[in-house]
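# Survey of secondary and tertiary structure
Spelled out, the chains give:
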Amino acid sequence: MALDKDQFIEDLKGASITDLNDLVKAIEDEFGVSAAAPVAAAGAAGDATAAKTTFTVELTEAGSAKVKAIKAVREITGLGLKDAKDLVDKAPSAIKEDVSEDEANDVKAKLEAAGATVTVK
C-alpha cells in the first residue's frame, strides 16, 4: 500500500482538533515517541549556547577602608558624596548594571583596589 501524501494532507485539513489530538496520541503510542520532546530539547540547547553579553557589578562588602570604597564608587558612577555613601552603606548593591565584560572587569578592579569585595553577575 503506497501512501498518497496529497490525500493524507487533505484528510488532515478536514479533521477536527479532537481528531488531530487523537491521531498524535496514537502515533506517540504506536512508535514510542513524544511530539513535545524535540521542541523542549531545541529550546534548552539554544539557551545553553547563548553567551552572556551584559553584566552587573555588585558591591558585596565595603571592606575595612570604607572611605576609599566611597571614593571609588563616586569615580565610577559620577554620584555625589551622599549618594555614593548610601550605596556603599546598603551593600550588597549594584554599582553598574548591563555593562560589557571589559567595563565590568574594570569596575571590579577599581573597587577591589579600594579594598571592597565585588561580585560580577
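It should be noted that the structure appears before, not after, this text.
Summarised in this report is the structure supplied together with it. Predicted, not measured: the structure shown is a model, and the values here were computed from it. (Residues numbered from 1 in each chain as written. Predicted model: local features only at pLDDT ≥ 70, side-chain atom pairs only at ≥ 80, totals over all residues. Heavy atoms only, no water.)

It is worth spelling out unusual backbone geometry at this point. Trans is the prevailing form of peptide bonds, just as negative phi is the prevailing case for residues other than glycine. In this structure, Asp98 is a non-glycine residue whose phi angle is positive, near 55°. Counting through the fold element by element, Asp98 comes out in strand E2 (residues 93-99). (Helix = DSSP H or I, 4+ residues; strand = E, 2+ residues; numbered from the N terminus.)

Attention now goes to the sheet that holds E2. A sheet is described by the order of its strands in space; here 3 strands give the open sequence E2-E1-E3, paired in antiparallel fashion. If you trace the sheet from one side to the other, it starts and ends with E2 and strand E3 (117-120), each paired once. When strand polarity is set aside, the average angle formed by the axes of neighbouring strands in this sheet is 20°. Where strand E1 (residues 55-61) meets E2, 4 bridges bridge the pair, whose relative direction is antiparallel. Bridge pairing in E2 places Glu58 opposite Ala94. Packing of helix H6 (residues 101-113) onto the sheet brings it into contact with E1, E2 and E3, and relative to E2 it is tilted by some 155°. (Pairing = 2+ DSSP bridges. Axes fitted to C-alpha atoms, helices over the stretch in contact; angles between N-to-C directions. Contact = heavy atoms within 4.5 Å.)

Take Glu58: it is sitting in strand E1. In terms of polar contacts, Glu58 uses its side chain to reach the side chain of Lys121, at 3.3 Å. Setting aside anything within four residues of it in sequence, one finds Glu58 in contact with Pro92, Ser93, Ala94, Ile95, Thr117, Val118, Thr119 and Lys121. (Polar contact = N/O pair within 3.5 Å; in protein donor to acceptor, adjacent residues only side chain to side chain.)

Note that all results are geometric; they support no functional claim without further evidence.
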